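# Results of the structural survey
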Amino acid sequence: MATTAPSGPTPSAGPHEGSPHAAPAPAPQPSPPPAGQPGTISRLGIAAVVVTVVLWASAFVGIRAVGPSFSPGSLTLGRLAVAAVVLGLLVVPKLRGLPRGREWWPILAYGVMWFGGYNVALNAAEHMLDAGTAALLINVNPILVAVMAGVILKEGFPRWLIIGSLIAFGGVAVIALGSGQRSTADVAGVLLCLLAAALAAVSVIVQKPVLRKFPAAQATWFGIMVGALCCLPFSGQLITELQAAPLPATLGLVYLGIFPTAIAFTTWAYALSMIDAGRLAATTYLVPGTTILISWLVLGEIPTIWGLVGGAICLVGVGLTRRRSR
C-alpha cells in the first residue's frame, strides 16, 4: 500500500531557510518499509493469515452441521446478513465516506462474485460432492490467483511461489485421495466447485487495488452489503427455513456470519493489503488440513493417514512459497 507522509509541522523553508538564527534541521527519520515487505507483515500480517485460515477451515465444519436445515441460497443470505450487521457496527461509526464514481465498480464486482456467487456455488456443490473432491477442486483457486496476479498485478512468477504452490496442491490431492466417498462426485458438482474457485480468484485480483484506498474492514463491509443485496431473492426461503430450523442450526448460521465471514474476510483483506496476492493465496492450501483437525476436535472425526500426510505436504509447500528467489 502507498504510505502518506506524517501530518504536523514541517521545518520552515523559503526566506528563513539558511538564516543564522534558524534552528538546526532535525535528523531525517528512516521511512517505514513499503507495504508487502517482510518487515511489515512479521506479526500483524501473519496473525491475520492464521486467523483467516483457521476460521475459513471452521466454515466447512459449520456448513456441514447446518446444511440439512438451510439451502445454499438462504444459507448465504443468512451469513451475509449477520456479517453485515456485526461488521457494520464497527465500520459505520468510523466511515470516512462512501466510494464515489468508478470506485464502486471493483467493489460491486467482488461483492457479486465472491460474497454472493462464490458462497452460493460452493454451498450447492457441497450437496453433491464429498469433502475430499471439493477440497481438491476449490484449491485450484490459489493457482489461478498466482497466474492472474503475475499477469494483471505485475507480481511476476517467483520460482519458489510456483514450486511451493505445486507441492501444496499435491498435498491437497493426497487429502482428496484419502476421502472415502469419491463416488458421490458428479459433473454438476464439479462444475459448481470450479466456478466457485474461479469467482474467488478473480475477486482477489479485483479487491487488491481497492485496499489501497479503503481500510480492510470497510472494503469487506462494502462487499458484504453488495453480496447480501444480490441474495435478497432468497429472503423468503430463509425466513421459512429459520422458522423450521432447530436452535443449534440457527446458532451455527450466526457463527458462520460472524467468524468465517465478518472476521475472516476482514483479516484476509488486511493481509492482502500488505502481501502479494499470489503468496497470500498460497496460504489457503492450509485450509483442508486445518479442516481435518477441526473436524477431529469438534465432530470426533478421526483423520486418516492420507489426511495427515497431505496436511504435512501442504505445510511444506506453503512454507516454500514464503522463500524469496535470490
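Residues numbered from 1 in each chain as written. Predicted model: local features only at pLDDT ≥ 70, side-chain atom pairs only at ≥ 80, totals over all residues. Heavy atoms only, no water.

A tally of regular secondary structure across the chain gives 13 helices and zero strands. Reading the helices (α) and strands (β) of the chain from amino to carboxyl end gives α-α-α-α-α-α-α-α-α-α-α-α-α. Classification of the 326 residues of the chain by burial places 47% in the buried group. Across the chain, every contact between residues at least 6 apart in sequence was considered, and the portion connecting residues at least 24 apart equals 92%. Accessible surface computed for the chain: about 16,400 Å², of which carbon and sulfur atoms make up 71%. (Helix = DSSP H or I, 4+ residues; strand = E, 2+ residues; numbered from the N terminus. Buried < 20%, exposed > 50% of the residue type's maximum accessible area, 1.4 Å probe, protein only. Contact = heavy atoms within 4.5 Å. Areas by Shrake-Rupley, 256 points an atom, 1.4 Å probe, with all protein chains shown as cover.)

The subject of this paragraph is the environment of Gly278. Assignment of secondary structure puts Gly278 in helix H11 (residues 277-282). Sequence-distant contacts of Gly278, that is, excluding residues within four places in its chain, are made with Val145, Ala146, Ala149, Glu155 and Leu161.

It is worth spelling out the environment of Ala277 at this point. Tracing the sequence through the fold places Ala277 in helix H11. In the structure, Ala277 is positioned 76 residues away from Ala201 in sequence and 9.7 Å away in space, judged by C-alpha atoms. Setting aside anything within four residues of it in sequence, one finds Ala277 in contact with Val145, Ala149, Leu153, Glu155, Val204, Ile205 and Leu272.

Right, let's get into helix H5 (residues 141-151). Residues spaced three or four apart along an α-helix face the same direction, because each turn holds 3.6 residues. Every buried residue of H5 is listed here: Asn141, Pro142, Val145, Ala146, Ala149 and Gly150. On an axial view of H5, the arc spanned by its buried residues comes to 160 degrees, and they lie on one face. (Arc of directions from axis to C-beta.)

Right, let's get into the packing of aromatic side chains. Applying the stated criterion to the full structure yields twelve aromatic pairs. Aromatic side chains Trp104 and Phe222 sit 5.9 Å apart centroid to centroid with 55 degrees between the ring planes, which places their arrangement in the tilted category. In this pair, Trp104 is assigned in helix H3 (residues 104-125) and Phe222 in helix H8 (residues 216-230), connecting sequence segments 118 residues apart. Residue Phe222 is classed as buried on the basis of its relative accessible area, which comes to 3%. Taken together through their ring pairs, the aromatic side chains of Trp56, Tyr110, Trp114, Phe115, Phe265 and Trp268 make up a single cluster. (Phe/Tyr/Trp six-rings, centres within 6.5 Å; stacked < 30°, edge-to-face > 60°.)

Moving on: the nonpolar core. The biggest cluster of nonpolar side chains holds 76 residues, and the ones touching the most others in it are Phe70, Trp114 and Tyr118. Apart from the residues within four sequence positions on either side, Phe70 is in contact with Leu75, His127, Leu238, Glu241, Leu242, Ala245, Ala249, Thr250 and Leu253. (Core = buried A, V, L, I, M, F, W, Y, C linked by side-chain atoms within 4.5 Å.)

With that settled, consider a nonpolar patch on the surface. The grouping of Leu293, Trp296, Leu297, Val298, Ile305, Trp306, Leu308 and Val309 at the surface amounts to a nonpolar patch, some 850 Å² of accessible area in total. Among the secondary structure elements, those contributing two or more residues to the nonpolar patch are helix H12 (286-298) and helix H13 (305-321). (Patch = residues over 30% accessible without salt bridge, like charges linked within 9 Å, V, L, I, M, F, W, Y side chains within 5 Å. Salt bridge = Lys/Arg side-chain N within 4 Å of Asp/Glu carboxyl O.)

We now examine the environment of Thr266. By secondary structure assignment, the location of Thr266 is in helix H10 (residues 247-272). A relative accessible area of 15% means that Thr266 is categorised as buried. In this structure the C-alpha to C-alpha distance between Thr266 and Val51, which are 215 residues apart in sequence, comes to 10.0 Å. Reaching out from Thr266, the side chain makes a polar contact with the backbone oxygen of Ala262 at a distance of 2.6 Å. (Polar contact = N/O pair within 3.5 Å; in protein donor to acceptor, adjacent residues only side chain to side chain.)

Right, let's get into the side chain of Thr261. You can see Thr261 is positioned in helix H10. We classify Thr261 as buried; its relative accessible area is 2%. Only 2.7 Å separates the side chain of Thr261 from the backbone oxygen of Leu256, close enough to count as a polar contact. If we ignore the near neighbours within four places in the chain, the residues touching Thr261 are Arg79, Leu80, Ala83, Ile224, Leu256 and Thr266.

As enumerated under the stated definition, the model contains one cavity of 30 Å³ or more in all. In this model, the largest cavity occupies a volume close to 40 Å³. Lining the largest cavity, in full, are Val49, Thr52, Val53, Trp268, Ala271, Leu280, Thr283 and Thr284. Counting residues per element, the lining of the largest cavity draws most heavily on helix H1 (residues 44-66), at three residues. (1 Å grid on protein atoms, 1.4 Å probe; cavity = no way out; pocket = protein on both sides within 12 Å on 5 of 7 lines; lining within 4 Å. Points joined across faces, edges and corners; volume = space filled by probe spheres on them.)

The next point concerns the confidence of the model for the chain. Residues with a pLDDT of 70 or more make up 75% of the chain, whose mean pLDDT is 79. Note on residues 1-40: pLDDT under 50 across the span, and 17 contacts to partners over four residues away in sequence or across chains. (pLDDT = per-residue confidence, 0-100.)

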